[in-house]
Amino acid sequence: MRRLLLAAMLLAVSPVAAGCSSTPPTCASPTVTTTVEMQNSTFAPTCISATAGQTLTLHNADTTPHTFTIKGTDVDVKIDASATSEAALSGVAPGTYTVTCLYHPQMTQTLQVT
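Residues numbered from 1 in each chain as written. Predicted model: local features only at pLDDT ≥ 70, side-chain atom pairs only at ≥ 80, totals over all residues. Heavy atoms only, no water.

Asker: Tell me about the sheet that holds strand β4 (residues 47–50), and please be specific about residues and values.
Answerer: Read from one edge of the open sheet, six strands run β1-β4-β10-β9-β6-β7, paired in mixed fashion. Where the open sheet ends on each side, the last strands, each with one partner, are β1 (31–32) and β7 (76–79). (Pairing = 2+ DSSP bridges. Helix = DSSP H or I, 4+ residues; strand = E, 2+ residues; numbered from the N terminus.)

Asker: Now, about the side chain of Q109: what can you tell me, with residues and values included?
Answerer: As for its placement among the helices and strands, Q109 is situated in strand β10 (residues 108–113). A distance of 2.6 Å separates a polar atom in the side chain of Q109 from the backbone oxygen of P45. Beyond its immediate sequence surroundings of up to four residues, Q109 is in contact with V36, F43, A44, P45, T46, C47, I48, F68, Y97, T98 and V99. (Polar contact = N/O pair within 3.5 Å; in protein donor to acceptor, adjacent residues only side chain to side chain. Contact = heavy atoms within 4.5 Å.)

Asker: If you had to explain the pattern of salt bridges to someone new, which residues and values would you point to?
Answerer: One pass over the structure, following the stated rule, counts one salt bridge. For the salt bridge of D80 with K78, the shortest nitrogen-to-oxygen distance reads 3.5 Å. Since its relative accessible area comes to 48%, K78 is described here as partly exposed. (Salt bridge = Lys/Arg side-chain N within 4 Å of Asp/Glu carboxyl O. Buried < 20%, exposed > 50% of the residue type's maximum accessible area, 1.4 Å probe, protein only.)

Asker: I'd love a proper account of the environment of V99, names of residues and values included.
Answerer: Position of V99 among the secondary structure elements: in strand β9 (residues 95–100). With 27 residues separating them in the primary sequence, V99 and G72 have C-alpha atoms 9.6 Å apart.

Asker: Lay out the pairing of β9 in plain terms, naming residues and giving numbers.
Answerer: Bridge count between strand β6 (residues 66–70) and β9: two bridges; the pairing is antiparallel. Along β9, the bridge assignment pairs T69 with T100. Bridge analysis of β9 against β10 gives six bridges, and the strand direction is antiparallel. Paired with Y97 across the two strands is L111, which belongs to β10.

Structure follows, in structure tokens:
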């Protein structure tokens, strides 16, 4: 019982469990899209594929503002409540990125740029 409790405590404070992994998550079959929806404090779809230089349409269906912030890039777009905006992927190199909302850190999305 003590070993199980100790293992659970170690997992709870590990960098990977805390979302501090230096490697963005990957997804087996990303959705190819040009539109990202924000609703109920989540991004949809949760894993997308886009091409470098593409422009994404960002639609916030919530009653609070969100951001579309691609970690490791200069892309950081604020989208007001019930508004639509755009995020240009020009200058974003091919790779896998984590997208977050600066206001709601639990909101994450994986972006695969090809």
